[in-house]
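So the chains spell out like this:
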Amino acid sequence: MRTSIWICCFLGAVSIALQSISYLDFQPKKILLGKGELLEQNSYRAAFYAHVLFGSVALAPLQFLPWIRKYLLIWHRNVGAMYVFSCLLGGVSGFCIAFYAEEGPITL
């Protein structure tokens, strides 16, 4: 049961990351098309693309596999540091773009 849950979480994270990476071609599409004048602001675009990039990196849960912690400790620590860094930058950039969300105060 535990393995099944981990596999479902892993596949969900990978699918979200792959879908998000499609925005890194820097062509306005889908969610960005409704932003209008915000797309002209370099600060908004930079925060959006930083959120996509660092959020996608943070979705890589491989460092949590027990055999990686046991046999690849150095790799596990380096990926863990990258995970924390990505969470921090992805969160800060997400907070910045949340001020312009159309869904209301729940996004903040």
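See the structure above.
Just so you know, these numbers come straight off a predicted model, no measurement behind them. Within each chain, residue numbers correspond to sequence positions counted from 1 in written order. Local features are withheld for residues below a pLDDT of 70 in this predicted model, meaning they are given only at 70 or higher, and side-chain atom pairs are given and counted only at 80 or more; totals for whole chains, interfaces and linings count all residues. Heavy atoms throughout the structure, all of them, feed into the side-chain values; hydrogens and water do not.

Thoughts on the state of the cysteines
By definition, disulfides here are pairs of cysteine sulfur atoms that lie within 2.5 Å. Using the criterion set out here, one finds 0 disulfides in the structure. Lacking any disulfide linkage, cysteine 96 is separated from the closest cysteine sulfur, that of cysteine 87, by 16 Å. Only protein chains enter the accessibility calculation, which uses a 1.4 Å probe; a residue is then buried when its area is under 20% of its type maximum, exposed when over 50%, and partly exposed in between. The partly exposed category is assigned to cysteine 96, whose relative accessible area is 38%.

Side note on the side chain of serine 93
Per the convention used, a helix needs a DSSP run of H or I reaching at least four residues, while a strand needs a run of E reaching at least two, with both numbered from the N terminus. The topology assignment puts serine 93 in helix α4 (residues 73–98). Serine 93 gets classed as buried once you look at its relative accessible area, which sits at 6%. For serine 93, the contacting residues outside a window of four places in its chain are Ala47, Ala50 and His51. Residue contacts are counted whenever heavy atoms from the two residues lie within 4.5 Å of one another.

Here we look at the environment of lysine 35
Looking at where lysine 35 falls in the secondary structure, it is placed in the loop between α1 (2–21) and α2 (42–58). When residues no more than four places from it in sequence are discounted, the contact partners of lysine 35 are Tyr44, Tyr100, Ala101 and Glu102.

What about the packing of aromatic side chains?
Note on aromatic pairs: the rings of Phe, Tyr and Trp (six-membered ring only in Trp) are paired at centre separations within 6.5 Å, and the planes decide the class, stacked below 30 degrees, edge-to-face beyond 60, tilted for the rest. For the structure on display, the rule yields 5 aromatic pairs. For the ring pair tyrosine 23 and phenylalanine 48, a centre distance of 5.5 Å and an interplane angle of 80° mean the geometry is edge-to-face. Of the two residues, tyrosine 23 is situated in the loop between α1 and α2 and phenylalanine 48 in helix α2; the sequence distance between them amounts to 25 residues. Summarising the burial analysis for this pair, tyrosine 23 and phenylalanine 48 share the class buried. Ring centres of tyrosine 44 and tyrosine 100 lie 5.6 Å apart, and the angle between their planes is 90°; on these two criteria the pair is classed as edge-to-face. Within this pair, whereas tyrosine 44 is found in helix α2, its partner tyrosine 100 is found in the segment after α4, the two being separated by 56 residues in sequence. Tyrosine 44 sits in the buried class, given a relative accessible area of 5%. Taking the relative accessible area as the measure of exposure, tyrosine 100 reaches 39% and is therefore partly exposed.

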